[in-house]
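The lines below spell out each chain.
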Amino acid sequence: MIVDKIALILAIVGGLNWGSIGIFGLDLVAFFFGGSGSAISRVVYTLVGLAAVWCISLLFRDTTTAGERT
């Protein structure tokens, strides 16, 4: 499903951003979008947060297809 892939990509972006903050002290979203308080940065942070919430649902889904079940 395309929404799942978009959510995973955004969650990965968020994870990489947190990694860069932890390792280098650099917030990449803030760096690229004009500071952590800018409107665009806040939209990105919100989308990443919503994506993470969506990804929680992936943990509880049955992803096997009918042909794989025995």
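Residues numbered from 1 in each chain as written. Predicted model: local features only at pLDDT ≥ 70, side-chain atom pairs only at ≥ 80, totals over all residues. Heavy atoms only, no water.

Participant: What's the story with the overall build of the chain in this structure? I'm lost.
Facilitator: The helix and strand tally for the chain stands at 3 helices and 0 strands. Along its sequence from the N terminus, the chain presents helices and strands in the succession α-α-α. Its C-alpha atoms give the chain a radius of gyration of 16 Å, clearly above 11 Å, the size a compact globule of 70 residues would have. C-alpha atoms of the chain, sized along the principal axes, occupy 50 × 25 × 15 Å. Put simply, the chain has 70 residues, and 19% of those count as buried. As displayed, the chain has an accessible area near 5,300 Å², and 74% of this comes from carbon and sulfur atoms. When the 4 positive and 4 negative side-chain charges of the chain are each reduced to one mean point, those points stand 5 Å apart. (Helix = DSSP H or I, 4+ residues; strand = E, 2+ residues; numbered from the N terminus. Rg over C-alpha atoms; globule rule 2.2 N^0.38 Å. Buried < 20%, exposed > 50% of the residue type's maximum accessible area, 1.4 Å probe, protein only. Areas by Shrake-Rupley, 256 points an atom, 1.4 Å probe, with all protein chains shown as cover. Lys, Arg positive; Asp, Glu negative; His and termini not counted. Charge placed at Lys NZ, Arg CZ, Asp CG, Glu CD.)

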